[in-house]
Amino acid sequence: MAQSSTSAELAQAGVAQPLRIALAGLGTVGVGVIRLLEANGALIARRAGRPIVVSAVSARDRSRDRGVDLSAYGWEADMTALAARADVDVVVELVGGADGPALKLARDALGGGKALVTANKAMIAHHGLELATLAEASGAPLRFEAAVAGGVPVIKGLREGVAANAVDRVYGILNGTCNFILSTMEDTGRDFADVLAEAQARGYAEADPAFDIEGTDTAHKLSILSALAFGTRIDFASVETSGISRILAADIAQADALGYVIRLIGMAELDMGPDVGGAGRRGLFQRVQAHLVPFDHPLAHVDGATNAMVVEGNFSGRLLFQGAGAGDGPTASAVVADIIDIARGIEAGFEADMPFSVPVASLEAMAPAASGHRHSRAYIRFIVADRPGVLAEITAAMRDAGVSIESLIQKGRADNEGEVLVAMVTHEAPEAAVSKALGLLDGSPSLVAPPLVMHLLGN
Ligand code: HSE
């Protein structure tokens, strides 16, 4: 507590009015924010130009021992009451959930002219434009650095660092749980379910782990990055999303033999494809999909719960943002960085504050770009009945759809006598052609399970 009393002393000495915050949610991140303010209070006060003090907190259970002393703070059993407190300048929402109390608190805070800092990616993906509109109308700042990639300042990177660039593409590893699972499967040969249980035990996973492993969490984050990168309206619903739950240890082994690792990649780019509606029309391509990443690509070396994003600007060139995507310390670091921004900005006034870099009204409503005309190389894995003619059936479908096969491998499955795994890598082909080939095979009794398609990430 020594450092926070330093903050109080600074305030008493009249250095500047303290910035008063309220914390909604005292889970690992909320407690991390309190610890960070205690540990770094003096340097934060210098950098922010004023002390930052906690006025009030709210959580589900007041009596739980969280290892921090809450006695100096006001308490609200109903977190939405924090927005109405006269002793609060900034509401910090660390509860989560796209709707419900978190959204009510966010609306009340911004609507009432209080700043809002949030780590809530689902809420920003679904309601970010509404909240930014409220923020613009009331002049209250809205910040959400911690919503994407925990401690990695990728939102500040896009808002500030590459503000002078046209961004061509943003892509990367945005979910620590999936990356931990894939890289651990790769290192140990263990199965998916076994490693998922470990990720949950380590506290990386969302309350509903389906959000992680089916790609939804990555899609939330990607849709936020797209809006900032391209000046487009957030369009979470159009993100083509798949996850990692169907990836087998055998896929990882095949990828390794070919010179690749498997990573769940969120990717967004502006697309000028013919399906978008004629020459010059642009569409927004957003996809979350497991990819084969070549060993020499920087993302291939991102292991464990780490996040990493590549931003390609037309003047900056390729930038790589990498670091811890979750956890109390890194996420609290991003939350408090936003609070410091607000403390600094209060001096200047926030009338022109734009959470998405440009006014919400001028964000472009971009049509989603279909993927059919995109040319890619694809890894396609089949599990098939082990009988004569099956391989010929698969290769005939590829031939009939105009897809050229670069390599093909067939392996018996030790765990199931009657089935074999067939994995192929295609030459570059329109994605529509690969879909056509798979359509030709749809319903074939030779296929024991639906095929798994993963694109190869180019350099
Ligand atoms: N479940 C998320 C992840 C936490 O695994 O990355 C951070 O958003």
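What you are looking at is a predicted structure, and each value in this text was computed from that prediction instead of being measured. (Residues numbered from 1 in each chain as written. Predicted model: local features only at pLDDT ≥ 70, side-chain atom pairs only at ≥ 80, totals over all residues. Heavy atoms only, no water.)

A. Focus on the site of the ligand. Lining the immediate environment of the ligand, one finds Lys 121, Asn 175, Gly 176, Thr 177, Tyr 204, Glu 206, Asp 212, Asp 217, Lys 221, Gly 325 and Ala 326. At the level of secondary structure, the elements contributing two or more residues to the shell around the ligand comprise helix H6 (176-188) and helix H9 (216-230). Here the residues of the shell around the ligand sort into 2 nonpolar, 4 polar and 5 charged. (Near = heavy atom within 4 Å. Helix = DSSP H or I, 4+ residues; strand = E, 2+ residues; numbered from the N terminus. Nonpolar A, V, L, I, M, F, W, Y, C, P; charged D, E, K, R; others polar.)

B. Highlighting the pattern of salt bridges. Across all of its chains, the model carries 25 salt bridges by this definition. Close ionic contact of Arg 381 with Asp 251 constitutes a salt bridge, the shortest N to O distance being 2.8 Å. Of this pair, Arg 381 sits in strand E15 (residues 378-385) while Asp 251 sits in helix H10 (residues 249-258), placing them 130 residues apart in sequence. No difference in accessibility class separates Arg 381 from Asp 251, as the two residues are buried. Of the charged contacts in the structure, one is a salt bridge between Glu 431 and Arg 287, with a shortest N-O distance of 2.5 Å. Taken together, the residues span a long stretch of sequence, with Glu 431 in helix H13 (residues 431-441) and Arg 287 in strand E10 (residues 283-294) at a distance of 144 residues. (Salt bridge = Lys/Arg side-chain N within 4 Å of Asp/Glu carboxyl O. Buried < 20%, exposed > 50% of the residue type's maximum accessible area, 1.4 Å probe, protein only.)

C. Just the packing of H6 against helix H7 (residues 192-201), in detail. Look at H6 against H7: their axes get within 9 Å of each other, and the N-to-C directions meet at 130°. Looking at the two axes, H6 sits oblique to H7. Where H6 crosses over H7, the two elements pack in a sense that is right-handed. Here Thr 177, Phe 180, Ile 181, Thr 184 and Met 185 of H6 come into contact with H7, specifically with Phe 192, Val 195, Leu 196, Glu 198 and Ala 199. (Axes fitted to C-alpha atoms, helices over the stretch in contact; angles between N-to-C directions. Parallel < 35°, antiparallel > 145°, perpendicular 65-115°, else oblique. Left-handed = near helix turned anticlockwise from the far one by under 90°. Contact = heavy atoms within 4.5 Å.)

Limitation: the analysis is restricted to geometry and does not speak to function.
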